[in-house]
Amino acid sequence: MDQRKKKRKKNSSAMKLVGSQLALFRHAAGYTQEELSEISTAEYDTICSIEQGRRALKSDLAREFDVLLDTKGALECAVENMPEMDRYPIWAEEFIDREEEAISICSWQNQVLPGLLQTETYARATFESRVPVLDEEWIEEQVVARVERQDILRRKVPPTSSFIISEAVLRDRLGGDEVWRDAVRHLRRCADLPGITVQVMPLGRHTHAALDGPFVLLETPDHDHMGYMETQRGSQLVSDPDEVSILQQKYAMLRTQALNPEETKSLLDRLLGES
């Protein structure tokens, strides 16, 4: 774990350095971020993220910027000499580390299926839905990484896992009918696996314990408890006992409001029968 944290810190520093170089060269060339976006293939948000050190500069874009900013290959050289990057965004790395060793996982999702229960095609569809559009190489790397994360459910002693999913997620057809059908079929199989509980929060409820959005609860081998919440532009891993307790109370209430596991399996069977 310590080595991974050191690598994560090294990667973060390298990304910030390259981002600062891009900002310096851009200023020297007399361009704003908006103007550089207009004359390049990069979106404005992409340039902002790179300069802030939140997103890695890829080789093809570095070459393009070197030409536009007349930097004599400096950016491409910097990218080629960066340390090997991790597959996950920096802000998600610590959560991935904790998830990998967790003995208990509780996940509430109201937009997409939980990453640990996604098929490869469904995972690809989620990344292809991102705005601004992501490059295909990055998408494929993320799909592979997401599927590999699911190995923790196949450990000799897997974590005790509970997943509560909004029925709206199941009614969506993300990726198209075939992708949706495979995803629901996979979810139905997962619902029968030992150590995994799947519940659906039905539509039409008069009360709802988690209207503020999705979150995940983890318990470590040392019995530390933490929560994880993703937003549009990042995420937050919380370990403060008071904050985690609030999330635990929300999840406990969600479990009473959702369909029980048997009812959930029946719903999944009906959806597959109707497809």
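Quick note: structure is the one above.
Note that this is a predicted model, so its numbers are computed, not measured. (Residues numbered from 1 in each chain as written. Predicted model: local features only at pLDDT ≥ 70, side-chain atom pairs only at ≥ 80, totals over all residues. Heavy atoms only, no water.)

Novice: Looking at this structure, I do not really get the nonpolar core. What am I missing?
Specialist: In globular proteins that are soluble, nonpolar side chains generally tend to be buried together. In this structure, Ile 105, Leu 113, Leu 117, Leu 170, Leu 187, Val 198 and Leu 218 are the most contacted members of the largest nonpolar core, which totals 33 residues. Elements with a minimum of two residues in this core: helix H6 (90-101), strand E2 (160-166), helix H9 (167-171), helix H10 (177-190), strand E3 (196-201), strand E4 (215-219), strand E5 (225-231) and helix H12 (261-274). Judged by nonpolar contacts, the second largest core, of 17 residues, contains Ile 50, Leu 57, Ala 62 and Leu 75. (Core = buried A, V, L, I, M, F, W, Y, C linked by side-chain atoms within 4.5 Å. Buried < 20%, exposed > 50% of the residue type's maximum accessible area, 1.4 Å probe, protein only. Helix = DSSP H or I, 4+ residues; strand = E, 2+ residues; numbered from the N terminus.)

Novice: Even after reading the chapter, I still don't get the sheet that holds E3, so can you show me in this structure?
Specialist: Strand pairing within a sheet occurs via backbone hydrogen bonds; the two strands may be parallel or antiparallel. An order of E3-E2-E1-E4-E5-E6 is seen for the six strands of this open sheet, with the pairing classed as mixed. Each having just a single partner strand, E3 and strand E6 (234-238) make up the two edges of the open sheet. When the angles between neighbouring strand axes are averaged without regard to direction, this sheet yields 10 degrees. Taken strand by strand, helix H11 (residues 241-257) contacts strand E1 (104-109), E2, E3, E4, E5 and E6, and its axis lies near 110 degrees from that of E4. (Pairing = 2+ DSSP bridges. Axes fitted to C-alpha atoms, helices over the stretch in contact; angles between N-to-C directions. Contact = heavy atoms within 4.5 Å.)

Novice: Teacher, can you tell me more about the packing of H10 against H12 here?
Specialist: Axis angle and axis distance: for two packed helices, these are the angle between their axes and the distance between the axes, and together they describe the pair. Between H10 and H12, whose axes approach to 10 Å, the crossing angle comes to 150 degrees. Between H10 and H12, the interaxial angle falls into the category roughly antiparallel. Where H10 crosses over H12, the handedness of that crossing is left-handed. Side by side, H10 and H12 meet where Trp 180, Arg 181, Val 184, Arg 185, Leu 187 and Arg 188 of the first sit next to Lys 265, Leu 268, Asp 269, Leu 271 and Leu 272 of the second. (Parallel < 35°, antiparallel > 145°, perpendicular 65-115°, else oblique. Left-handed = near helix turned anticlockwise from the far one by under 90°.)

Novice: I would appreciate a short explanation of the packing of helix H7 (residues 120-128) against helix H8 (residues 136-149) in the present structure.
Specialist: With their axes 9 Å apart at the nearest point, H7 and H8 run at an angle of 135 degrees to one another. As judged from the angle between their axes, H7 and H8 are oblique. Every pair of crossing elements has a handedness; the one defined by H7 and H8 is right-handed. Every residue of H8 that contacts H7 at Glu 120, Ala 123, Arg 124, Thr 126, Phe 127 and Glu 128 is listed here: Trp 138, Ile 139, Glu 140, Gln 142, Val 143, Arg 146 and Val 147. Residue classes in the contact of H7 with H8 are distributed as six nonpolar, two polar and five charged. (Nonpolar A, V, L, I, M, F, W, Y, C, P; charged D, E, K, R; others polar.)

Novice: Before we go on, may I ask you to explain unusual backbone geometry in this structure?
Specialist: Keep in mind that most residues, glycine aside, have a negative phi and that most peptide bonds are trans. Residues Val 131 and Pro 132 are joined by a peptide bond in cis, for which omega reads 0 degrees. Looking at where Pro 132 falls in the secondary structure, it is placed in the loop between H7 and H8. In the Ramachandran plot, His 223 falls in the positive-phi region, its phi being about 65 degrees despite a non-glycine side chain. In this fold, His 223 is placed in the loop between E4 and E5. Since its relative accessible area comes to 51%, His 223 is described here as exposed.

Novice: Teacher, can you tell me more about the side chain of Ser 107 here?
Specialist: Topologically, Ser 107 is positioned in strand E1. A distance of 3.3 Å separates polar atoms of two side chains, one belonging to Ser 107 and the other to Gln 109. Setting aside residues up to four positions removed in sequence, Ser 107 forms contacts with Pro 114, Ser 162, Phe 163, Ile 164, Phe 215, Val 216 and Tyr 251. (Polar contact = N/O pair within 3.5 Å; in protein donor to acceptor, adjacent residues only side chain to side chain.)

Novice: In this structure, what is going on with H7? I would like to understand it.
Specialist: An α-helix turns once every 3.6 residues. As a result, residues three or four positions apart point the same way. Taken residue by residue, H7 has Tyr 122, Ala 123, Arg 124, Ala 125, Thr 126 and Phe 127 as its buried positions. Of the surrounding elements, those touching the buried residues of H7 are H8, H9 and H10.

Novice: Help me understand the pattern of salt bridges in this model?
Specialist: Side-chain pairs of opposite charge can arise where the charged atoms are in close proximity. All chains considered together, the criterion is met by 16 salt bridges. Residues Glu 99 and Arg 149 are paired through a salt bridge, measuring 2.8 Å at the closest nitrogen-oxygen approach. A residue pair is termed long-range when its members are at least 10 positions apart, and Glu 99 in helix H6 and Arg 149 in helix H8 qualify at 50 residues. Residue class for Arg 149 comes out buried when judged on its relative accessible area of 14%. Salt-bridge contacts for Glu 120 lead to Arg 124; the nearest nitrogen and oxygen are separated by 3.1 Å. Separated by four residues within a single helix, Glu 120 and Arg 124 lie in helix H7, roughly one turn from each other. The network of salt bridges with common partners includes Arg 188, Asp 192, Lys 265 and Asp 269. (Salt bridge = Lys/Arg side-chain N within 4 Å of Asp/Glu carboxyl O.)

Keep in mind that these numbers describe shape and distance, not what the molecule does.
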